[in-house]
Amino acid sequence: MPNMPHRTIHLFRKGLRLHDNPTLLAALESSEVVYPVYILDRKFLMSAMNMGTLRWHFLLQSLEDLQRNLTKLGSCLLVIQGEYESVLQDHVKMWNITQVTLDAEIEPFYKEMERTIQVLGGEMGFDVLSLMGHTLYDIRRILDMNGGTPPLTYKRFLHILSVLGDPDMPVRNLTAEDFQRCKPPPELCLAEDYRVPLPEDLEIPRESQSPWRGGETEGLQRLEQHLKNQGWIANFTKPRTIPNSLLPSTTGLSPYFSLGCLSVRRFFYRLSNIYAQSKNHSLPPVSLQGQLLWREFFYTVASATPNFTRMAGNPICLQINWYQDAERLYKWRTAQTGFPWIDAIMTQLHQEGWIHHLARHAVACFLTRGDLWISWEEGMKVFEEMLLDADYSINAGNWMWLSASAFFHQYTRIFCPVRFGKRTDPEGQYIRKYLPVLMNFPSKYIYEPWTAPEEAQKQAGCIIGQDYPLPMVNHKEASDRNLQLMKQVREEQYGTAQLTRDDMDDPMEMGLKHELSEENPKKGKRARNREQT
């Protein structure tokens, strides 16, 4: 007897898009009616991820955009507030649901949610279908190819991908015909109960608005904008982008990938087409495709590493006795370190929810192994709250990397909170924009305003120690001491350090190191490494 068509709830979690959406396509192809649902379970969201105001705005904008795009195709988005398990139970009964479809995700909290829905399906008699849509590959295949464990070095990871071949192509676009056949009753689409809430409905302040607007439409426009410049795409090398340019010098697409407003497979294959037409293009790991593969690498390791977002109980992470210092953490978080380059970055993070990856490197190194010796977990939580592109796997992976707790092994390279920014923005335009209190300082003092004579400080209208803080540490002394501590930790925990050691040079810094060695030809190698900008 042929299968009867399903009555389906398609549950959006991430994957807030209609292009390249394999799970939604499968739902439409197997159903007589599809209810596109987003359950706004605030308790779940807040316990799973620490979402700040800017990210709430970005999420609500993305839901509004999804609603508009579904309406154009003759369907609608039904946003239901409440605890996801009871919301599902009620609506499965109310709508006689026989199938729930949702994207497979790798985060423990989303896996747990899927397990709960599977159990509910068993009890209530509906099928559950989940397909991978958020990553380039089905990550389970990568783990299987590596004997059931994640490849812990990028080199090993790339080897496995070379055996697997290219990722699957994006699935076909959805059409009005697909939805015509499966549309929910029109009265539901008009019901006030199912609309996308406004920020004030959720008591989210309106005044926080990032230059990034959420949603698939905006994400696709940004993608097309960047792909027009084929020379830039072909020659993109990550370490040569500028951390303190006033406009993003990288793609700025990461917020759209993190919520699934943009498909990584679509980006990957559009890049492949451009590379195919270009004789000389940059290669992984520093090319744009290389950036997508780094994302995939962190997703793969995170999916199969216990306690990936914590130090304790995390088998690949060095166990370090970091300082507990609430006051110092607060100064870093609130842009009061007294180092203008660091404080400008943290201010941009607060105001816009985005900072360049090298700026992330600078503030992360400063908080952890560079200057303050405070745990990477604390920095990770701040980024999780503030960044529009905050992502379970990538955020934790990068913080372990930058604190030299895993993945990164040239730990003698410490970013200088003065010289690093000065190299690409000697006039301090970035600092003047984000720290207007220092706007009138002469360029020669703006990265180290405490060195300006009193007269210069008066003329600039800013007395250091009064209107802007003195540096909270002596960088040279702190970094020397921390370097010794790190050296000791790595000797004592040699086995753990080796787990993620790659025999490739560190790709994030290759271009940077090369430039610096040309810049300082007279200096000895050790001095060059220590200075690292």
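Please read all numbers here as calculations on a predicted model, not as lab measurements.

A.B. asks: Give me the lowdown on the state of the cysteines, citing residues and values where you can.
C.D. replies: What the rule picks out here adds up to one disulfide. Disulfide pairing places Cys-76 opposite Cys-189 at an S-S distance of 2.1 Å. Across the disulfide from Cys-76 to Cys-189, rotation about the S-S bond amounts to roughly -65°, and the bridge is consequently left-handed. Taken together, the residues Cys-76 in the loop between α3 (53-72) and β3 (78-81) and Cys-189 in helix α9 (residues 186-190) connect sequence positions 113 residues apart. Owing to a relative accessible area of 28%, Cys-189 belongs among the partly exposed residues under this scheme.

A.B. asks: Can you lay out the pattern of salt bridges for me, pointing to particular residues and giving the numbers?
C.D. replies: Inspection of every chain in the model, using the stated rule, returns 24 salt bridges. Connected via shared salt-bridge partners are Lys-14, Glu-105 and Glu-107.

A.B. asks: Residues and numbers for the environment of Thr-500, please.
C.D. replies: The topology assignment puts Thr-500 in the loop between α25 (494-499) and α26 (510-519). Not counting residues up to four positions away in its chain, the partners in contact with Thr-500 are Leu-152, Thr-153, Ile-316, Ala-406, Phe-407 and His-409.

A.B. asks: Go over the packing of aromatic side chains, please, and point to the residues and values.
C.D. replies: Counted according to the given criterion, the structure contains 33 aromatic pairs. With a centroid separation of 5.0 Å and 55° between ring planes, the pair formed by Phe-109 and Tyr-110 is classed as tilted. With respect to class, Phe-109 is no different from Tyr-110; both count as buried. Arranged with centres 6.1 Å apart and planes meeting at 80°, the rings of Trp-332 and Trp-399 form a pair that is edge-to-face. Separated by 67 residues along the polypeptide, Trp-332 in helix α15 (residues 326-333) and Trp-399 in helix α19 (residues 392-402) bring together distant segments of the chain. Neither Trp-332 nor Trp-399 differs from the other in exposure class; each is buried. Three or more aromatic residues link up through ring pairs in this structure, and these residues are Tyr-154, Phe-157, Trp-294, Phe-297, Phe-298, Trp-401, Phe-407 and Phe-408. Sitting over the face of the ring of Trp-56, Arg-42 holds its NZ or CZ atom 5.4 Å from the ring centroid.

About the thresholds
Residues numbered from 1 in each chain as written. Predicted model: local features only at pLDDT ≥ 70, side-chain atom pairs only at ≥ 80, totals over all residues. Heavy atoms only, no water. Disulfide = S-S within 2.5 Å. Helix = DSSP H or I, 4+ residues; strand = E, 2+ residues; numbered from the N terminus. Buried < 20%, exposed > 50% of the residue type's maximum accessible area, 1.4 Å probe, protein only. Salt bridge = Lys/Arg side-chain N within 4 Å of Asp/Glu carboxyl O. Contact = heavy atoms within 4.5 Å. Phe/Tyr/Trp six-rings, centres within 6.5 Å; stacked < 30°, edge-to-face > 60°. Lys NZ or Arg CZ within 6 Å of the ring centre and 35° of its normal.

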